[in-house]
Amino acid sequence: MSIRPPLLSVRRLSIAYRAGGSLVAAVQNVELSIGRGETLAIVGESGSGKSTIALAILGLLPANARILAGDIQVDGGSSVSMADVETLGLRGRIVGFVPQDPMVGLNPTMRIGGQIGEAVTKASGLHGRRADAETIALLEQVGVDEPALRARQYPHQLSGGMRQRVLIAIALAGNPALIIADEPTSALDSTVQKSILDHLARLAGERGVALLVITHDLGLAADRADRVLVMKDGRIVEQGPPRAILTAPAEAYTRALIAAAPALDGKGLFGVRRASRPAGGELLRFEGVSKRFPSPMTGEPSRASTALDNVGFTVHAGRTLAVVGESGSGKTTICRIALGLEKPSDGRVLFENRDISGLSWPEFRPLRRRIQLVQQDPFASLDPRFTIAECVVEPLVSFGLEKGKGLQAAASRLIDLVQLPREAASRYPRELSGGQRQRVAIARALALKPELLFLDEPVSALDVLIQSQILALLDELQRALGVAYVLVSHDLSVVTSVADHVVVIRKGRIVEQGPVAEVFGDPAHPYTRELLEATPGRRSAALVAV
Amino acid sequence: MVDDSRSELSTARLRLAAGRAALGRSLRPSLRGAERLGHLLRRPGLVLSLAILAFVFVAAAAPTLLTSYDPYLTVPADRLAPPGAEHWFGADEIGRDLFARIVHGSSLSVQASSIAVGIAFSAGLVLGVIAGFAGGWTDAAIMRFIDVLLALPSLLLSLAIITAIGFGTIPVAVAVGVGIMPGFARTTRSEVLRVKTLPYVEAARLGGASRARTLLRHILPNSCGPVIVLATLDFGVAIIAVAGLSFLGFGAAPPAAEWGTLIANGRNFLVTAPWLSLIPGLFVMAVVLAANHIARTLEDGRP
């Protein structure tokens, strides 16, 4: 609408990566523009080329990238070649960058103040006390408490959310007109994520800074952006205001993305996902379980290191119990105790009314045929030297249940069960995608026909579309095999789509538990409400519902 | 219109290239022979290194293929002959062909170095795996023993061992092997410590795998890589150490000639016939550089 030229426009940009002597297209013929003060979100799965665009604008493309065509205009000026980005000092002064992972985005050996001060000096030429004052002011602006103290601390002394705020402060130091945020919060808990994004949006509003947010989460993009741009395989498939995209998606891919985001699919977070089935018998019960880790200094279990405090819940056969909480809330400790990897400090764990909390490793071994685990990271949970067939039948070999032909048959059966192509049997894990690997891990966990399966963040490492496929598979398997799940997750949208019961845990204590529809439909505890509020896509769900 | 179809075409080409790259990646472990040769030819340093090592191994296995001279045949007329058409590397003080002696000496030197690396590799692997896998007191005891070995300079340690068990090619090999073993033990232990905390090892344990199965099927194969690279790297070190000990006279008894012995022999004629020491010395240097170059390549090639 405005007569002024856009702040940044990218025209017919094509980028390819050189790999093993040939070129692999990463970005093809992309056009986009951002006006002053506008928030644009690029949504796409990993490998869709969204980060490559950000890197190109920043002039930070890796050495094996080739810009095949296109140009980038800043502020209506003449086109800028990539080499100019550096020489003209666009980076910092005009474009600020907030990287993805706050854990590795800061120099661990430098104080926070020094790292921001460096950016301040570079951008504004301030030195000494004036730079220090500016640093403190920036920390204050990004919502860091006690900025004078934080400036003297090192990155490891700050939480993930704090570090992300520091990274935002660094991006702001040059007073840029555009901030590019590459998955700024995907490594953070949803409540922290919400406060950071709120803050970023407010800062952008106050300063009139344009935002380019890159994310895989359509819900988040729709909540935050003025315009959403959907990418697939290096091309823009659709763009427009969030409302138009959500209510009238033109492309099948966009529709699939919307369907994959439980918060967006109209049924919303509170819908009961399925007809309730008769509850099976009690399978596993935690009774007043506490876990305190010994302090590394004294070796004594201390109050401060309490991972679980008086936790009790029941898992019924054939049903799904979800354990929801932020990182550090003790979710994983529950898994480890139930699987006999840790011993509880207090309380009992009952499996079919038998106390299993005190069992030694050999005593526990027979139970492993009945309780299994699917781990979080499918990229690390498969032995790189095993073929897929070897991976899935390994438990059968370990227990000496099958040999020779029987083993091959079992491998084929398990591979079919998780809907992988038969050819996958002879492949190695590195040849499979993340979603396929997670299918392999599920097949392995089901090899022994367990009655109870622990799922430790089973989809958090995967793209949204793949997430919904894996969750659908888990649902199908539960119906077919009657296996009970304990699903540990920080993501409410995952939980609502598959769980019957939910346990909300915070700092090792259960704050609320009950059927999913009850707990999320009418949360009794403020923390549960906070978690619900923070789920990306909540605002946009209203748009879709209309 | 034309423009569009052209861009379609180039897109298709890019797709094809992408597919080919993906194929290449998936075939990587069994890279086709022709392609592998192509990769090799782009790296002349590696080709030269492989050629040198190939020469040495052929010389060790079948020396008569490379030289028709008898390394022990004395020809007084050719005494201290300079390098030339007849004697490529010259002849020594009693007229023996130096090239023939280097070629025939390869067998002893390669044998000694291989035994040394073999001892270091197997002993280091066993000690490192036990220390890393068992942890606790076992780990502490083994690693303090390794620390003691590390605290002594390896040449001094080798000399002490040789003095204890006697002279000769095999004792030299044993002494050098023990001298370089601590590095293997430490590397193995750190790899085992790293691998044993990986999720797939935990998954195997939860799947009911016994400790032995976890160790042999998961931990060992996945921690070997860096140790094998270390072995190739230490092959060069072993050659130098073996040559050093035989230079000092602890190696094979005359007239058999290890490379170190040849260098030592030439010392008395440094002014009149410098090539007698220089050529075997340069030869040892070339072999060690080649071994190191290959080791570095292996190291870089690891994922």
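What counts, and where the lines are drawn
- Residues numbered from 1 in each chain as written.
- Chains lettered and ligands numbered in written order.
- Predicted model: local features only at pLDDT ≥ 70, side-chain atom pairs only at ≥ 80, totals over all residues.
- Helix = DSSP H or I, 4+ residues; strand = E, 2+ residues; numbered from the N terminus.
- Buried ≥ 20, exposed ≤ 12 C-beta atoms within 10 Å, placed from the backbone.
- Pairing = 2+ DSSP bridges.
- Axes fitted to C-alpha atoms, helices over the stretch in contact; angles between N-to-C directions.
- Contact = placed C-beta atoms within 7 Å.
- Domains from an automatic or database assignment.
- Nonpolar A, V, L, I, M, F, W, Y, C, P; charged D, E, K, R; others polar.
- Parallel < 35°, antiparallel > 145°, perpendicular 65-115°, else oblique.
- Expected span 1.5 Å × (residues − 1).
- Left-handed = near helix turned anticlockwise from the far one by under 90°.

Draft legend 1. Quick peek at the overall build of chain B. Scanning chain B from N- to C-terminus turns up eleven helices and zero strands. Helices and strands appear in chain B in the N-to-C order α-α-α-α-α-α-α-α-α-α-α. Considering chain B as a whole, with its 303 residues, one finds that 39% of them fall into the buried category.

Draft legend 2. View of unusual backbone geometry. Residues and elements named next belong to chain A. Of note, the phi angle at Glu146 is positive, near 45°, even though the residue is not glycine. Considering the arrangement of structural elements, one finds Glu146 in the loop between helix 5 (128-141) and helix 6 (147-150). Overall, Glu146 belongs to the exposed group, with 10 C-beta atoms counted inside 10 Å.

Draft legend 3. Local environment of the sheet that holds strand 13 (residues 320-324) of chain A. All names here are of chain A. Read from one edge of the open sheet, six strands run 16-17-18-13-19-20, paired in mixed fashion. Looking at strand neighbours, the two that pair on one side only are strand 16 (371-374) and strand 20 (509-515), the edges of this open sheet. Mean inter-strand twist for the sheet, computed between neighbouring axes without regard to direction, equals 15°. As defined by bridge partners, strand 13 adjoins strand 19 (residues 501-506) across four bridges and the pair is classed as parallel. Residue Leu321 lies in a different strand from strand 19, and its bridge partner there is His501. The sheet contacts of helix 16 (residues 434-446) involve strand 16 and strand 17 (452-456), and relative to strand 16 the element is tilted by about 170°.

Draft legend 4. Focus on the sheet that holds strand 3 (residues 39-43) of chain A. All names here are of chain A. With mixed pairing, six strands are arranged side by side in an open sheet as 6-7-8-3-9-10. Each edge of the open sheet carries a strand with a single partner, namely strand 6 (95-98) and strand 10 (235-240). Adjacent strand axes in the sheet meet at a mean angle of 20° when their direction is disregarded. Here helix 1 (residues 50-58) sits on the sheet and contacts strand 3, strand 6, strand 7 (178-182), strand 8 (210-215) and strand 9 (227-232); the angle it forms with strand 7, its principal contact strand, is near 145°.

Draft legend 5. Representation of the pairing of strand 17 of chain A in the model. Residue and element names in this part refer to chain A. Summarising burial for strand 17: five of the five residues are buried, a large majority. Residues of strand 17 alternate between two faces, with Leu452, Phe454 and Asp456 on one and Leu453 and Leu455 on the opposite face, all of them buried. The pairing of strand 16 with strand 17 spans four bridges and is parallel. When the bridges of strand 17 are listed, Val374 appears paired with Leu455. Looking at chain direction, strand 17 and strand 18 (residues 484-489) are connected through five bridges and run parallel.

Draft legend 6. Highlighting the domain arrangement of chain A. Residue and element names in this part refer to chain A. Splitting chain A by domain gives domain 1 (1-94 + 176-260), domain 2 (106-175) and domain 3 (282-370 + 450-545). Each partner contributes to the interface: domain 1 provides 21 residues, whereas domain 3 provides 19 residues. Elements with a minimum of two residues in the side of domain 1 that touches domain 3: helix 8 (190-207), helix 9 (218-224), helix 10 (242-247) and helix 11 (252-260). Considering each element in turn, the side of domain 1 that touches domain 3 owes the most residues, five residues, to helix 9. In terms of residue class, the side of domain 1 that touches domain 3 is built from eight nonpolar, seven polar and six charged.

Draft legend 7. Here's a closer look at the interface of chain B and chain A. Counting from both sides, the interface comprises 21 residues of chain B and, opposite them, 27 residues of chain A. Put simply, the parts of the chain that give the side of chain B that touches chain A at least two residues each are helix 1 (2-26), helix 8 (199-206) and helix 9 (211-247) of chain B. Among the elements that line the side of chain B that touches chain A, the one with the most residues is helix 1 of chain B, at eight residues. Per-class residue counts for the side of chain B that touches chain A are twelve nonpolar, seven polar and two charged.

Draft legend 8. Local environment of the packing of helix 3 (residues 44-61) of chain B against helix 4 (residues 98-134) of chain B. Residues and elements named next belong to chain B. Direction vectors running N to C along helix 3 and helix 4 enclose 95°, while the axes themselves pass 7 Å from each other. Judged by the angle between their axes, helix 3 and helix 4 are roughly perpendicular. Between helix 3, through Val56, Phe57, Ala59 and Ala60, and helix 4, the contact on the second element is made entirely by Val103, Ser106, Ser107 and Val110. Here the residues of the contact of helix 3 with helix 4 sort into six nonpolar, two polar and no charged.

Draft legend 9. Expanded view of helix 6 (residues 154-165) of chain B. Residue and element names in this part refer to chain B. In this model helix 6 runs 16 Å from its N-terminal to its C-terminal C-alpha over twelve residues, within 8% of the 16 Å that 1.5 Å per residue would give. Here the buried face of helix 6 lies against helix 5 (136-151), helix 7 (169-196) and helix 9. Two residues or fewer after helix 6 comes Gly166, characterised by a positive phi angle close to 100°.

Draft legend 10. Structural context of the packing of helix 7 of chain B against helix 9 of chain B. All names here are of chain B. For the pair helix 7 and helix 9, the least separation of the axes is 9 Å and the interaxial angle reads 160°. Viewed along their axes, helix 7 and helix 9 adopt a mutual orientation that is roughly antiparallel. The two elements helix 7 and helix 9 meet at a crossing, and its hand is right-handed. Its residues placed into classes, the contact of helix 7 with helix 9 shows 17 nonpolar, seven polar and three charged.

Draft legend 11. Fine view of the environment of Gly288(A). All names here are of chain A. With respect to the helices, strands and loops of the structure, Gly288 is situated in strand 11 (residues 282-294). We classify Gly288 as partly exposed; it has 13 C-beta atoms within 10 Å. Considering only alpha carbons, one finds Gly288 and Val311, 23 residues apart in sequence, at a separation of 4.9 Å. Beyond its immediate stretch of four places on either side in the chain, Gly288 contacts Asn310, Gly312, Asp346 and Gly347.

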